[in-house]
Amino acid sequence: MSAESIEVCGTKLVYDVTGSGKPLILMHGWGCNSSTVSGIAAVAAQTHTVYNLDLPGHGQSPEPKEVWGVEEYTAAIEELVTRLGLENPVIIGHSFGGRIGILYASRNKVDKLILVDAAGVKPRRSLKYYYKVYTFKAIKNILNIFLGKEKAKPIIENFRAKRGSADYAAASPMMKQILSKSVNQDLRSYMQNISAPTLLIWGENDTATPMRDARIMERLIPNAGLVSFAGCGHYSFLDNSAGFASVLRSFLKSTN
């Protein structure tokens with residue numbers, strides 16, 4: 001294994017290279033890094049040259065200098081593929097990495113697409129969620145009026161961190177903005193444009209990206225198939241590593 005780096009879209013992207021054969025790009029989920037998906041890389045490297053990325057703002061790759069969304073992350077992958085001369089790569093994306101994989105595969109030539117517990121379908125929201133959102137907005141407006149934006153800012157951020165997700169609370173100020181920009185983007189309109197054979201691998205107990213999302217993707221992506229694992233959650237590739245490896249190995253060896 002060798003660690004490499006390249007500047008794309010104005011930021012450094014660090015990645016590991018393993019295996020040999022046709023190119024495969026592997027992208028981890030939010031708050032993770034290339035080591036999280038090293039087990040996937042090990043299986044894929046049996047048949048492919050694997051580029052296991054630290055997405056900008058994760059692992060050894062520094063944060064973007066501006067507030068990125070899914071579009072900017074995808075543009076960085078597109079530049080990486082062009083600069084390295086990778087032709088028709090396989091794309092694997094877990095969770096947030098799946099968002100990038102969906103957008104990338106919708107407008108670029110891809111040999112195969114593998115989405116693992118992937119994000120990309122805007123979640124259903126409960127009344128409790130909307131109550132929290134509008135309560136926060138009301139408090140934010142009141143604080144800005146009575147304290148001014150500068151004095152109100154740290155109070156608002158502290159309030160947001162306590163009421164937000166664990167991912168949001170753990171993120172830096174820049175990555176908080178990036179997460180906010182990316183997390184609610186609905187990619188369903190892009191899925192019909194994916195022409196590559198697509199494998200969806202899911203944990204049936206996934207609460208972050210539930211099975212509902214997988215079924216929507218299976219319906220909207222023209223050439224998609226779904227494999228789910230009972231008793232597994234959002235990290236199905238860790239919860240059932242043997243079963244996952246078997247399914248992945250079979251799909252990678254299959255001919256289009």
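Higher on the page you've got the structure.
Residues numbered from 1 in each chain as written. Predicted model: local features only at pLDDT ≥ 70, side-chain atom pairs only at ≥ 80, totals over all residues. Heavy atoms only, no water.

### Concerning the pattern of salt bridges
- As enumerated under the stated definition, the model contains 7 salt bridges in all.
- Across the salt bridge formed by arginine 188 and aspartate 186, the nearest N and O atoms sit 2.6 Å from each other.
- In this structure, aspartate 213 and arginine 212 form a salt bridge, with 3.4 Å as the shortest nitrogen-oxygen distance.
- Under the relative-accessibility criterion, arginine 212 is labelled partly exposed at 24%.
- Salt bridges sharing common partners tie together Glu71, Glu78 and Arg107. (Salt bridge = Lys/Arg side-chain N within 4 Å of Asp/Glu carboxyl O. Buried < 20%, exposed > 50% of the residue type's maximum accessible area, 1.4 Å probe, protein only.)

### Describing the side chain of histidine 28
- Its location among the elements puts histidine 28 in the loop between strand 3 (22–27) and helix 1 (38–44).
- Looking at histidine 28, its side chain comes within polar contact range of the main-chain nitrogen of leucine 55, at 3.0 Å.
- Setting aside its immediate chain neighbours within four residues, histidine 28 contacts Asn33, Ser34, Val37, Leu53, Asp54, Leu55, His58, His94, Phe96 and Gly97. (Helix = DSSP H or I, 4+ residues; strand = E, 2+ residues; numbered from the N terminus. Polar contact = N/O pair within 3.5 Å; in protein donor to acceptor, adjacent residues only side chain to side chain. Contact = heavy atoms within 4.5 Å.)

### Structural notes on helix 11 (residues 241–253)
- A rise of 1.5 Å per residue sets the reference length of helix 11, with its 13 residues, at 18 Å; its end C-alpha atoms lie 18 Å apart and thus fit the reference within 8%.
- If you check which residues of helix 11 are buried, you get Gly243, Phe244, Ala245, Leu248, Phe251 and Leu252. (Expected span 1.5 Å × (residues − 1).)

### A look at the packing of aromatic side chains
- Scanning the entire structure with this criterion turns up 6 aromatic pairs.
- Ring plane angle 85° and centroid distance 5.1 Å describe the contact between tryptophan 68 and tyrosine 73, whose orientation is recorded as edge-to-face. Just as tryptophan 68 is buried, tyrosine 73 falls in that class too.
- In textbook terms, an aromatic cluster arises when at least three aromatic residues are bridged by ring pairs, as seen for Trp30, Trp68, Tyr73 and Phe96.
- Between lysine 112 and the ring centre of phenylalanine 251, over which it is positioned, the NZ or CZ distance is 6.0 Å. (Phe/Tyr/Trp six-rings, centres within 6.5 Å; stacked < 30°, edge-to-face > 60°. Lys NZ or Arg CZ within 6 Å of the ring centre and 35° of its normal.)

### A word on unusual backbone geometry
- Positive phi, close to 50°, is recorded for cysteine 9, a residue that is not glycine.
- Assignment of secondary structure puts cysteine 9 in the loop between strand 1 (2–8) and strand 2 (11–19).
- Look at cysteine 9 and you get partly exposed, because its relative accessible area is 34%.
- Although it is not a glycine, serine 95 sits at a positive phi angle of roughly 55°.
- With respect to the element layout, serine 95 can be found in the loop between strand 5 (90–94) and helix 3 (96–107).

### With respect to helix 3
- Burial of helix 3 is extensive: 11 of the 12 residues sit out of reach of the surface.
- The set of residues buried in helix 3 consists of Phe96, Gly97, Gly98, Arg99, Ile100, Gly101, Ile102, Leu103, Tyr104, Ala105 and Ser106.

### Here's the deal with the environment of isoleucine 25
- Positionally, isoleucine 25 belongs in strand 3.
- For isoleucine 25, a relative accessible area of 0% puts it in the buried group.
- Distance in space between the C-alpha atoms of isoleucine 25 and glycine 101 is 9.3 Å, their sequence separation being 76 residues.
- Once you skip the residues sitting within four places of it in the chain, isoleucine 25 turns out to touch Tyr51, Leu53, Ile77, Val81, Leu86, Pro89, Val90, Ile91 and Ile92.

### Here's the deal with the environment of glutamate 218
- With respect to the secondary-structure elements, glutamate 218 resides in helix 9 (residues 211–220).
- Spatially, the C-alpha atoms of glutamate 218 and leucine 199 are 8.7 Å apart, while their sequence positions differ by 19 residues.
- Non-local contacts of glutamate 218, meaning those with residues more than four positions away in its chain, are made with Leu200, Ala224, Gly225 and Leu226.

### What about the nonpolar core?
- Judged by nonpolar contacts, the single largest core of 45 residues is most densely connected at Leu53, Ile77 and Met217.
- Leucine 53 has contacts with Leu13, Val14, Tyr15, Ile25, Leu26, Met27, His28, Ser34, Ile77 and Leu80, leaving out every residue within four places of it along the chain.
- Among the nonpolar cores identified, the runner-up in size contains 23 residues, and Val43, Ile114, Ile201 and Phe237 belong to it. (Core = buried A, V, L, I, M, F, W, Y, C linked by side-chain atoms within 4.5 Å.)

### Comments concerning the pairing of strand 3
- Counting buried residues along strand 3, 5 of its 6 residues qualify, which places the element largely inside the surrounding structure.
- When strand 3 meets strand 4 (residues 48–54), the two strands line up parallel, connected through 6 bridges. Looking across to strand 4, one finds that lysine 22 is bridged to histidine 48.
- In this fold, the crossover linking strand 3 to strand 4 by way of helix 1 has right-handed handedness.
- As defined by bridge partners, strand 3 adjoins strand 5 across 4 bridges and the pair is classed as parallel. Each residue of the ladder has a partner; that of methionine 27, found in strand 5, is glycine 93. (Pairing = 2+ DSSP bridges. Right-handed = clockwise from strand over helix to strand, strands pointing away.)

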